[in-house]
Amino acid sequence: MNTFDKYLLKKDKLIKRRIEIDSSLYEQLSKLADVYDASINKLVNVAIIEMIKTENVKIYQRPENEIAESHNFAIRESSYNAMEKLREKYGISIYKLTNIAIYNALNS
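The structure presented is a predicted model; accordingly, all values stated were derived computationally and were not measured.

Conventions used here
Throughout, residues of each chain are indexed from 1 in the direction in which the sequence is written. Whole-chain, interface and lining totals are the exception, using all residues; otherwise, since this is a predicted model, local features are given only for residues with pLDDT of at least 70 and side-chain atom pairs are given and counted only at 80 or more. No hydrogens and no water enter the side-chain calculation; it runs on all heavy atoms of the structure. Secondary structure is summarised from DSSP: a helix means a run of H or I of at least four residues, a strand means a run of E of at least two, and numbering begins at the N terminus for each. The globule rule is 2.2 Å times the number of residues to the power 0.38, and the radius of gyration it is compared with is taken over C-alpha atoms. Partly exposed residues are those whose accessible area sits between 20% and 50% of the maximum for their type, while under 20% is buried and over 50% is exposed, using a 1.4 Å probe and protein chains only. The contact definition used throughout considers only heavy atoms, calling two residues in contact when any of these lie within 4.5 Å. For the area figures, the Shrake-Rupley method with a 1.4 Å probe applies, and any residue is considered shielded solely by the protein chains shown. Charge assignment: positive for Lys and Arg, negative for Asp and Glu; neither His nor the chain ends contribute. By convention, the charge on Lys lies at NZ, on Arg at CZ, on Asp at CG and on Glu at CD. A carboxyl oxygen of Asp or Glu within 4 Å of a side-chain nitrogen of Lys or Arg is what we treat as a salt bridge. Here is the rule: rings of Phe, Tyr and Trp (six-membered ring for Trp) pair when centre to centre is within 6.5 Å. Planes less than 30 degrees apart are stacked, more than 60 are edge-to-face, and the remainder are tilted. In our convention, an over-ring charge means Lys NZ or Arg CZ found within 6 Å of a ring centre and within 35 degrees of that ring's normal. For every residue, the pLDDT score states the predictor's confidence, bounded by 0 at the bottom and 100 at the top.

## A few points about the overall build of the protein
(1) Moving on: Scanning the protein from N- to C-terminus turns up five helices and two strands.
(2) Moving on: Order of helices (α) and strands (β) in the protein, N terminus to C terminus: α-β-α-α-β-α-α.
(3) Moving on: Here the C-alpha radius of gyration of the protein, 14 Å, is about what a compact globule of 108 residues would show, namely 13 Å.
(4) Moving on: Burial analysis of the protein (108 residues in total) assigns 34% to the buried set.
(5) Moving on: Contacts in the protein between residues at least 24 apart in sequence constitute 85% of all its contacts with a sequence separation of at least 6.
(6) Moving on: Surface accessibility of the protein: about 7,400 Å² in total, with carbon and sulfur atoms responsible for 50%.
(7) Moving on: Distance between charge centroids for the protein: 6 Å, based on 17 positive and 15 negative side chains.

## Observations concerning the pattern of salt bridges
(1) Moving on: Counted according to the given criterion, the structure contains five salt bridges.
(2) Moving on: Put simply, D5 and K10 hold a salt bridge, and the shortest N to O gap is 3.6 Å.
(3) Moving on: Take D5: its relative accessible area is 31%, and that puts it in the partly exposed class.
(4) Moving on: A residue is classified by how much of its surface remains accessible, and K10, at 56% relative accessible area, is exposed.

## A short note on unusual backbone geometry
(1) Moving on: A positive phi angle, near 55°, is found at E55, a position not held by glycine.
(2) Moving on: As for its position among the elements, E55 is in the loop between α3 (40–54) and β2 (68–76).
(3) Moving on: Residues other than glycine seldom take positive phi values, yet N65 does so here, at roughly 65°.
(4) Moving on: For N65, a relative accessible area of 71% corresponds to the exposed category.

## Overview of the packing of aromatic side chains
(1) Moving on: Counting across every chain of the model gives one aromatic pair.
(2) Moving on: Ring plane angle 5° and centroid distance 4.3 Å describe the contact between Y60 and Y103, whose orientation is recorded as stacked. One end of the pair, Y60, is in the loop between α3 and β2; the other, Y103, is in helix α5 (residues 94–106), and 43 residues separate them in sequence.
(3) Moving on: Overall, the relative accessible area of 31% leaves Y103 in the partly exposed class.
(4) Moving on: Positioned over the ring face of Y80 is R17, at 4.8 Å from the centre of the ring.

## Structural notes on the confidence of the model for the protein
(1) Moving on: For the protein, the average pLDDT comes to 94, and 99% of its residues sit at 70 or higher.
(2) Moving on: Helix α4 (residues 77–90) holds the highest mean pLDDT among the elements of the protein, 97, whereas helix α1 (residues 3–7) holds the lowest, 82.

Structure below.
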């Protein structure tokens, strides 16, 4: 593994999807986008990649009265295909898997 492989994602075809994200999670991502040299979209992709690697798909306790807002994302094709497999394996929707990935990344 070279230095670039360590810190950067290799190019992948992107699939555009509209996904509902819990508003509190999206707010936290928005704040992180100001800290890191990454867009919210890239932060979501990194969170998804980490969830796929660890297969940590435990459902978290969603805050009461939490609303979900739809946002457009460009998800890496390889990640989206892996999430489809997790969806089939665990019976959890892509929307919930995405929120779980974000929650796990924010709380790791």
